[in-house]
Amino acid sequence: MTRTNQMSFLALSVVALISTVAHGQVQQQGGRDGAALAGGRGAAPILPPFMQTAPKPAIANAKPVRTCESLATVALPNTTIESAVVDPMNPGICRVTAITTHPPSPDKIRIWVGIPTSNWNGRFVGTGGGGLVGGNPAGVNQPVAQGFAAGATDAGHEGGAGTFAIDSNGRLNWEGVRNFAHVGIHEMTVTGKALAQAMYGVAPKYAYFNGCSTGGRQGLMEAQRYPQDYNGIMSAAPAINWNRFHLQHLWGPVVMNAAGNPVAACKLTTATAAAIAACDSIDGVKDGVIEDPKRCTYDPKPLIGTSAGECGSFTEADVNVIRKLWEGPRHAGGSFMWYGLARGADMNALWTSRGTPLRPVPFGLAMDWYRYFLTQDPKFDANSVTPAAYERLWDQSVEQYANVIATDNPDLTGFRDRGGKAIVWHGWADQLITAEGSIDYYSRVQQEMGGAKKTSEFIRLFMAPGVTHCAGGAGPQPTGLMEALLAWVEDGKAPETLPATRRDQSGTVTRSRPLCAYPLVAKYKGSGSTDEAANFVCSTGF
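Just so you know, these numbers come straight off a predicted model, no measurement behind them.

Conventions adopted
Residues numbered from 1 in each chain as written. Predicted model: local features only at pLDDT ≥ 70, side-chain atom pairs only at ≥ 80, totals over all residues. Heavy atoms only, no water. Helix = DSSP H or I, 4+ residues; strand = E, 2+ residues; numbered from the N terminus. Rg over C-alpha atoms; globule rule 2.2 N^0.38 Å. Buried < 20%, exposed > 50% of the residue type's maximum accessible area, 1.4 Å probe, protein only. Contact = heavy atoms within 4.5 Å. Lys, Arg positive; Asp, Glu negative; His and termini not counted. Charge placed at Lys NZ, Arg CZ, Asp CG, Glu CD. Salt bridge = Lys/Arg side-chain N within 4 Å of Asp/Glu carboxyl O. Core = buried A, V, L, I, M, F, W, Y, C linked by side-chain atoms within 4.5 Å. pLDDT = per-residue confidence, 0-100. Axes fitted to C-alpha atoms, helices over the stretch in contact; angles between N-to-C directions. Parallel < 35°, antiparallel > 145°, perpendicular 65-115°, else oblique. Left-handed = near helix turned anticlockwise from the far one by under 90°. Nonpolar A, V, L, I, M, F, W, Y, C, P; charged D, E, K, R; others polar. Pairing = 2+ DSSP bridges. Polar contact = N/O pair within 3.5 Å; in protein donor to acceptor, adjacent residues only side chain to side chain. Phe/Tyr/Trp six-rings, centres within 6.5 Å; stacked < 30°, edge-to-face > 60°. Disulfide = S-S within 2.5 Å.

Remarks on the overall build of the chain
Okay, so step 1: When helices and strands are tallied, the chain shows 16 helices and 16 strands.
Okay, so step 2: Relative to the globule expectation of 24 Å for 542 residues, the C-alpha radius of gyration of the chain, 23 Å, shows essentially globular dimensions.
Okay, so step 3: With respect to the principal axes defined by its C-alpha atoms, the chain has extents near 75 × 65 × 45 Å.
Okay, so step 4: A total of 542 residues make up the chain; the buried ones form 58% of that total.
Okay, so step 5: Considering only intrachain contacts with a sequence separation of at least 6, the fraction spanning at least 24 residues in the chain is 68%.
Okay, so step 6: Placing the 45 positive and 44 negative side-chain charges of the chain at their respective mean positions leaves the two points 2 Å apart.

Remarks on the pattern of salt bridges
Okay, so step 1: A full pass over the atoms with the stated rule returns 17 salt bridges.
Okay, so step 2: One salt bridge connects K267 with D318, and the closest N-O pair in it is separated by 2.6 Å. Of this pair, K267 sits in helix 8 (residues 265-279) while D318 sits in helix 9 (residues 316-327), and the two are 51 residues apart along the sequence. Neither residue differs from the other here; K267 and D318 are each classed as buried.
Okay, so step 3: Between D287 and R513 there is a salt bridge; the shortest N-O distance is 3.0 Å. With a gap of 226 residues between them, D287 in the loop between helix 8 and helix 9 and R513 in strand 14 (residues 509-516) connect regions that are remote in the sequence. Like D287, the residue R513 is buried in the burial classification.

Quick notes on the nonpolar core
Okay, so step 1: In terms of nonpolar packing, the biggest core is built from 66 residues, with M347, Y390 and Y401 touching the most fellow members.
Okay, so step 2: Looking at this core, the elements that each hand over two or more residues are helix 4 (174-200), helix 6 (242-248), helix 7 (251-259), helix 8, helix 9, helix 10 (348-351), helix 11 (364-374) and helix 12 (387-401).
Okay, so step 3: For Y390, the residues in contact, after removing those within four places along its chain, are L247, Q248, L250, W251, V254, P329, M337, Y370 and V385.
Okay, so step 4: Residues W120, A196, A223 and I439 belong to the second largest nonpolar core, which totals 50 residues.

Section: the confidence of the model for the chain
Okay, so step 1: When pLDDT is averaged across the chain, the result is 92; 91% of the residues are at 70 or more.
Okay, so step 2: Overall, residues 1-45 carries pLDDT values under 50, and its contacts beyond four positions in sequence, including any with other chains, amount to 82 contacts.

Topic: the packing of helix 7 against helix 9
Okay, so step 1: For the pair helix 7 and helix 9, the least separation of the axes is 10 Å and the interaxial angle reads 155°. Judged on the interaxial angle alone, helix 9 and helix 7 are roughly antiparallel. For the pair helix 7 and helix 9, the sense of crossing is right-handed. Along the contact surface, helix 7 presents W251, G252, V255, M256 and A259, while helix 9 presents V321, K324 and L325.
Okay, so step 2: Residues belonging to the contact of helix 7 with helix 9 are distributed by class as follows: 6 nonpolar, 1 polar and 1 charged.

A closer look at unusual backbone geometry
Okay, so step 1: In this structure, P104 follows P103 across a cis peptide bond, with omega equal to 5°.
Okay, so step 2: The residue P104 is located in the loop between strand 2 (93-100) and strand 3 (109-116) in this model.
Okay, so step 3: In this structure, P357 follows T356 across a cis peptide bond, with omega equal to 0°.
Okay, so step 4: Inspection of the secondary structure puts P357 in the loop between strand 8 (353-354) and strand 9 (359-360).
Okay, so step 5: Despite not being glycine, S213 shows a phi value in the positive range, around 65°.
Okay, so step 6: Along the chain, S213 turns up in the loop between strand 6 (206-212) and helix 5 (214-225).

Considering the sheet that holds strand 10 (residues 421-427)
Okay, so step 1: Reading across the sheet, the 9 strands line up as 1-2-3-5-4-6-7-10-11 and stay open at both edges, with mixed pairing between neighbours. Strands at the two margins of the open sheet, each flanked by one partner only, are strand 1 (79-86) and strand 11 (459-464). Each strand of the sheet is rotated relative to its neighbour by a mean of 15°, with strand direction disregarded.
Okay, so step 2: Taken together, the 5 bridges between strand 6 and strand 7 (residues 232-236) define a ladder with parallel strand orientation. Considered in strand 7, the bridge of N210 is made with M234.
Okay, so step 3: Sheet strands in contact with helix 4 are strand 1, strand 2, strand 3, strand 4 (123-127), strand 5 (149-153) and strand 6, and its direction is about 35° off that of strand 3.
Okay, so step 4: Lying over the sheet, helix 16 (residues 481-491) contacts strand 4, strand 6, strand 7, strand 10 and strand 11, oriented at roughly 155° with respect to strand 10.

Details of the environment of D430
Okay, so step 1: Mapped onto the secondary structure, D430 falls in the loop between strand 10 and helix 14 (436-448).
Okay, so step 2: Taking the C-alpha atoms as reference points, D430 and I304, separated by 126 residues in sequence, lie 26 Å from one another.
Okay, so step 3: Other than its neighbours up to four places away in sequence, D430 contacts A237, L341, A345, V467, T468 and H469.
Okay, so step 4: Among the polar contacts made by the side chain of D430, one reaches the main-chain amide nitrogen of L432 at a distance of 2.8 Å.
Okay, so step 5: Of note is the side chain of D430, whose polar atom sits 2.9 Å from the backbone nitrogen of I433.

Some points on the packing of aromatic side chains
Okay, so step 1: Considering all chains together, one arrives at 21 aromatic pairs under this definition.
Okay, so step 2: Summarising the aromatic geometry, the rings of F164 and F373 are spaced 5.7 Å apart at their centres and angled 80° between planes, so their arrangement reads as edge-to-face. Highlighted residues: F164 in the loop between strand 5 and helix 4 and F373 in helix 11, separated in sequence by 209 residues.
Okay, so step 3: Taken together, F164, W174, F180, W242, F245, W369, F373 and Y401 form an aromatic cluster joined through their ring pairs.

Overview of helix 7
Okay, so step 1: Looking only at helix 7, the buried set comprises W251, G252, P253, V254, V255 and M256.
Okay, so step 2: In this structure, the buried side of helix 7 is in contact with helix 6, helix 9, helix 10, strand 8, strand 9 and helix 12.
Okay, so step 3: Of the residues flanking the end of helix 7, it is G260, one or two places downstream, whose phi is positive at about 65°.

Quick notes on the state of the cysteines
Okay, so step 1: Summed over the entire model, instances satisfying the criterion amount to 5 disulfides.
Okay, so step 2: Across the disulfide from C279 sits C296; the S-S distance is 2.0 Å. On the S-S bond that ties C279 to C296, the torsion sits near 70°, and the link is right-handed. In this pair, C279 is assigned in helix 8 and C296 in the loop between helix 8 and helix 9, connecting sequence segments 17 residues apart. Taken individually, C279 and C296 each receive the classification buried, so the pair is uniform in this respect.

This is how it looks when you write it as structure tokens:
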């Protein structure tokens, strides 16, 4: 190993270690706090284990035709291989770092690829990022350990801040925006597949993408823009409708400031608990979860005059704000702009208030959107935004970024015609990206692609009651996701349900439920334990 390669590998190892440790901390925290971290600027989203067991090889007896180190000499268009080394701490992984550019632009897309040094299963997996992070090198670890070649990318910028969206002159850096929006993931996919083929002498038989939050958006963007890249896509809590939900993140401060009534955190928590208590049993099962928040019509008016503990009693002004937070952004005349958070989701993640006197605290990731992408003003103060200014910024965001990063194109003809399959799932208690955004997109795909039946032949949506952003929450967590995707792509077995389980601290399953293909819901059969999936059936109603 040359000194240059040694230094490159050392840097990569440090980054991977930091990313892995951070990812583990998020997983351990779980619940509301862990999910909030997952949506932050620089944290990786929480993801379930990649697969419970390694799949059977798609290419039998695949053997390397060259050494890992020799990949440093592979010639790829506009790409420099910085390093290609066997991980000294895990000799089963060949780690490659590449830089792709687009002359004459000075951009640099860093790509990390992991390839098994033996026993490659003939598949490639692309991995996604979170927040404004394109991805991280540790993302390849789990897939490679189970026989996949895998890739990740920084999507053209380091770190998780939105500063990459403006250049040194304070103007929009459209190259950087496009790289983050879609070019970076596509380049990673092309490079990753090429390097796997170079090492084993045969192209991957199947390619999959797996991501949550920004990663979920990246996966669906691949289906929309580059349908040839992947056979199967797993998209969790996708950050689609990107140019809308970032504006929705500021809805709380705008409403509170316009009313002159910031709502204390404990009041938002109490209101959420009241909604859950009121709608918990709409499915006939009392389990601390709202099975279908679209059927929950709880109004907070009864809270007026009641105590929220140290926050004091609810006022009519408090209740009016909470009602608007659930309702979602509206024009001055009352017409629809976007969805609010579902009843049962923690409103404090986006819309908390702190200080004396109380002052709304705008969500950090959304602030980067306003400061760098919309206003190019790093000192932009979200608490100064009036309802009229909010509508102007909304219109700007929707129009200016629709084509580049919205990721809401319902025309998936290319993906469908190539035989692609996609599984999308979203937690109903997602406190960062409203679950109804995924339903909105899926409904438009159905309209565009010939109706519900034809659409279900290649893409299916599953809603996870009580699950927060990517994972966590009171509801059973989706499991066996990649297993379901591989079975659909490779064996033609479309998933009617996804398994979901809730475990205690020892790992013992305490509750299981089927997640039904939307719009079906899990209906209790009327007998047997309500903690066992076998006692539920998918139905149009309860």
